[in-house]
2 protein chains.
Amino acid sequence: MSDAYARAGVDIAAGNLAVQRYRDVTSGWTHPDQLGTLGGFSGLFRLPGDSKRALVGSTDGVGTKILIASAMRRYDTVGADLVNHCVNDILVTGADPLFFLDYLAVGKLDPEVAALVVSGVHRACRENACALLGGETAEMPGVYRPDHFDLAGTIVGLVDLDAVPDPNRVNPGDAIIGLPAVGLHTNGYTLARALIPEEEYAAPFGVTTYGDALLAPHPSYLVPVRAIRKVADVKSMAHITGGGLLENVPRTLPDHAAAVFEQTRWDVPPIMAELVKRGNLAHEERYRTLNMGVGYTLIVPIADVDKALKAAPGARVVGFVQPRRDGEPRVVVRPARST
Amino acid sequence: MSDAYARAGVDIAAGNLAVQRYRDVTSGWTHPDQLGTLGGFSGLFRLPGDSKRALVGSTDGVGTKILIASAMRRYDTVGADLVNHCVNDILVTGADPLFFLDYLAVGKLDPEVAALVVSGVHRACRENACALLGGETAEMPGVYRPDHFDLAGTIVGLVDLDAVPDPNRVNPGDAIIGLPAVGLHTNGYTLARALIPEEEYAAPFGVTTYGDALLAPHPSYLVPVRAIRKVADVKSMAHITGGGLLENVPRTLPDHAAAVFEQTRWDVPPIMAELVKRGNLAHEERYRTLNMGVGYTLIVPIADVDKALKAAPGARVVGFVQPRRDGEPRVVVRPARST
């Protein structure tokens, strides 16, 4: 599985092995105020002197999307990709963002390019009412090529412990609501770069270009998720990042439940259909490497579906929770006939 | 100035220009709970619903020290460098660390190497009683060479607003206490790599080797600083990182005060004396690029000096605060005759 991704140079097995080795090397000690992670999206930490609230932290990068941004000399959008990605990661715990810090590493520092990158970070922070508290810019000749850079960031949020979703409340029969993805967001770019060469970035692709379709910014789901949580009993959420529906949704599902998605219920963005076609991606690869059009999921009781859909334009029911027995898959995606 | 550093490929002027451009692009909006930064070491953020405490955040990397670690295949120490660096950065505000998140980016993921890196992060977190709350490992072929990696991290701490040092209380006549540096810590490595080629890392250097002297881990100053603050009125502190004494100490000095260091009062670590010799570094370059043996400074009234020195083994008076008029330098280092 994920053959195409492996061919593109990303070793998912090595990634899983690393995670396991991290568990080994960190198992000897855990801080007593650490509350564990909700599905691994974010870490929770008890706020000292406050029994009702926790801080939530998450670190991420934008991956090789930056190489496409570099090639297109479009520097002011990757910052927003990063901030919105991080906002969504802590949103899974119910947390509101407090502040963000960025890390920008370059081979050769061009102050104008760096300022464009940071302007994107700042703009997205503002849109999420999240402070841009600080950052670090590192010039590292020898680590990065002169025209290369990397961008990572860390978000810290705050959550009432009462408001943290409890995946154990998920039951067969619950509905899965999906919020639409606008493109690859922040994942699958090593594969995308292998399938769409740089020479094609400026070529027309539908009403846009390949490059613009690839760079479509990762949206923040803060507003629709808050709106849905106001009117519906949200039992569990997932941010669909690397690993797609297949790996992200199980992270916040109880063992006895399986998520069944029906691909006829939502649209696959054209850029993803194009990658599927060019890479001849098998069913499993598509849903493990790409979000395939679903950027964020929320599990609610059937009775709350109508209210939830009305609260968030673009939201759709994308699947249902079914009973699961040991050994059965935790996520099933029933394909549309056309893909 | 800093000619040697520029020759090594790091452009300090570009760095300063980038900082100025960041101010431009972020000036349009600041989060209302953002309390500004103390000398730029860390950002402070008012804890929601708590008028007496603030969160403190700081992000940093280990710079090109990782290239020396890679060359020596010594992967379990750079994590501690990073954590201790970050602990010291927020310590300047008086904050106690709460949690840390790491970002590890690699060209090709080797799970064993990654686990060694994270084990160093975890060990230092434990030593500082700081949770390792999460992290991100990114495999990015095309950005990093297969054998290269980068490591950055973010720390979050908590401080009573009453306990934040107030540099405006610094007066001429106050003493500057220095905590000893054990080596380059996390700065000056691009210069060091230009002056000491990889072939020499295994060669003997005094009682150690060049490589080991270069990799000497960045210490945490949490324990000595806490001990000194218990017995002395600490008015201002600085973590001596990139920019050395010349650029870091002024960040927490009032305009009317100058810091005068007397180099006879402390020892310059041999590896730094070696770099000074090999690079023929001018006085200004030494104290701007390297810590030259002082890792952290605390400004206290003369009356508190004896108590402070007794509280922290290795601490020494390294200089004094003098009156300063407009246009005069903010930091003066009086050289020892031998260097």
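Residues numbered from 1 in each chain as written. Chains lettered and ligands numbered in written order. Predicted model: local features only at pLDDT ≥ 70, side-chain atom pairs only at ≥ 80, totals over all residues. Heavy atoms only, no water.

Attention now goes to the overall build of chain A. Along the backbone of chain A there are 12 helices and 14 strands. Here the C-alpha radius of gyration of chain A, 20 Å, is about what a compact globule of 339 residues would show, namely 20 Å. When the backbone C-alpha atoms are referred to their principal axes, chain A occupies close to 55 × 55 × 40 Å. For chain A, restricting intrachain contacts to residue pairs at least 6 apart in sequence, the fraction spanning at least 24 positions comes to 83%. For chain A, the exposed area adds up to about 12900 Å²; of that, 51% sits on carbon and sulfur atoms. Of note, chain A has its 33 positive side-chain charges centred 5 Å away from the centre of its 38 negative side-chain charges. (Helix = DSSP H or I, 4+ residues; strand = E, 2+ residues; numbered from the N terminus. Rg over C-alpha atoms; globule rule 2.2 N^0.38 Å. Contact = heavy atoms within 4.5 Å. Areas by Shrake-Rupley, 256 points an atom, 1.4 Å probe, with all protein chains shown as cover. Lys, Arg positive; Asp, Glu negative; His and termini not counted. Charge placed at Lys NZ, Arg CZ, Asp CG, Glu CD.)

Our focus in this paragraph is unusual backbone geometry. Residue and element names in this part refer to chain A. For R73, which is not glycine, the phi torsion reads 50° and is therefore positive. Among the structural elements, R73 can be located in the loop between α3 (65-71) and α4 (78-91). The class of R73 is exposed, set by a relative accessible area of 63%. At N280, a position not held by glycine, the phi torsion is positive, near 50°. Mapped onto the elements of the fold, N280 is located in the loop between α10 (270-279) and α11 (283-289). Classification of N280 by relative accessible area gives exposed; the value is 66%. (Buried < 20%, exposed > 50% of the residue type's maximum accessible area, 1.4 Å probe, protein only.)

Here the structure, examined in full by the defined rule, presents two cavities of 30 Å³ or more. Its volume calculated, the largest cavity comes out at about 60 Å³. Lining the largest cavity are 14 residues, with Y103(A), A152(A), T154(A), Y103(B) and T154(B) sitting closest to its centre. Counting residues per element, the ones that place at least two in the lining of the largest cavity are β4 (96-106) and β6 (149-160) of chain A together with β4 (96-106) and β6 (149-160) of chain B. Considering only residue class, the lining of the largest cavity consists of six nonpolar, six polar and two charged. Elements that contribute at least two residues to the lining of the second largest cavity include exactly β10 (236-239) and β12 (294-300) of chain A. In terms of residues, the lining of the second largest cavity owes the most to one element, β10(A), which gives three residues. Residues belonging to the lining of the second largest cavity are distributed by class as follows: five nonpolar, three polar and no charged. (1 Å grid on protein atoms, 1.4 Å probe; cavity = no way out; pocket = protein on both sides within 12 Å on 5 of 7 lines; lining within 4 Å. Points joined across faces, edges and corners; volume = space filled by probe spheres on them. Nonpolar A, V, L, I, M, F, W, Y, C, P; charged D, E, K, R; others polar.)

Residue and element names in this part refer to chain A. Split into domains, chain A comes out as domain 1 (31-163) and domain 2 (167-334). When each unit is reduced to the centre of its C-alpha atoms, the spacing between domain 1 and domain 2 is 21 Å. Each partner contributes to the interface: domain 1 provides 28 residues, whereas domain 2 provides 31 residues. Carbon and sulfur atoms make up 62% of the surface buried where domain 1 meets domain 2, a total of about 2500 Å² over both sides. (Domains from an automatic or database assignment. Buried area = accessible area lost by both parts, 1.4 Å probe.)

Here we take up the pattern of salt bridges. Applying the stated criterion across every chain yields a total of 42 salt bridges over all chains. Linking D233(A) and R169(A) is a salt bridge whose minimum nitrogen-to-oxygen distance equals 2.6 Å. Of this pair, D233(A) sits in the loop between α8 (222-231) and β10 while R169(A) sits in the loop between β6 and β7 (175-180); the two residues are 64 residues apart in sequence, bridging distant segments of the chain. Exposure remark for R169(A): the relative accessible area of 36% places this residue in the partly exposed category. Here R145(B) and D147(B) are joined by a salt bridge, their closest N and O atoms 3.2 Å apart. The class of D147(B) is partly exposed, set by a relative accessible area of 47%. (Salt bridge = Lys/Arg side-chain N within 4 Å of Asp/Glu carboxyl O.)

As a further point, take the interface of chain A and chain B. Taken together, the contact between chain A and chain B spans 74 residues of the former and 74 residues of the latter. Summing both partners gives a buried area of about 5800 Å² for chain A against chain B, and 66% of it is carried by carbon and sulfur. The three residues of chain A that bury the most area against chain B are Y22(A), W29(A) and L133(A), which together make up 11% of that side's buried surface. One can count two salt bridges joining chain A with chain B. For E112(B), the salt bridge is made with R21(A), and the minimal N-O distance between the two is 2.9 Å. The tally of links from chain A across to chain B stands at 22 residue pairs in polar contact (both at pLDDT 80 or more). No other element matches the nine residues that helix α5 (residues 111-127) of chain A contributes to the side of chain A that touches chain B. (Polar contact = N/O pair within 3.5 Å; in protein donor to acceptor, adjacent residues only side chain to side chain.)

Residues and elements named next belong to chain B. With respect to the helices, strands and loops of the structure, H239 is situated in strand β10 (residues 236-239). There is a polar contact of 3.3 Å between the side chain of H239 and the side chain of N88. Side-chain polar atoms of H239 contact the side chain of D89, separated by 2.8 Å. Residues within four places of H239 in sequence aside, it is in contact with F41, H85, N88, D89, V92, H218, N248, G295 and Y296.

Looking now at the sheet that holds strand β11 (residues 257-262) of chain B. Residues and elements named next belong to chain B. Overall, mixed pairing links the six strands, which are arranged β10-β12-β7-β13-β11-β14 in an open sheet. Both outer strands of the open sheet, β10 and β14 (331-334), are each paired with one neighbouring strand and no more. Averaged over all neighbouring strand pairs, the angle between strand axes comes to 25°, with direction disregarded. Here strand β7 (residues 175-180) runs beside strand β12 (residues 294-300); their pairing, made up of six bridges, is antiparallel. Counterpart to A175 in the pairing with β12 is V300. Strands β10 and β12 of the sheet are contacted by helix α4 (residues 78-91), whose axis makes an angle of about 155° with β10. Against the sheet, helix α8 (residues 222-231) makes contact with β7, β10 and β12, and its axis sits at roughly 150° relative to β7, the strand it touches most. (Pairing = 2+ DSSP bridges. Axes fitted to C-alpha atoms, helices over the stretch in contact; angles between N-to-C directions.)

Moving on, we get to the packing of aromatic side chains. Residues and elements named next belong to chain A. One pass over the full model with this rule turns up 11 aromatic pairs over all chains. Between F261 and W266, the aromatic rings sit 6.4 Å apart at their centres with planes inclined by 85°, giving edge-to-face as the arrangement. By relative accessible area, W266 is classed as buried at 6%. (Phe/Tyr/Trp six-rings, centres within 6.5 Å; stacked < 30°, edge-to-face > 60°.)

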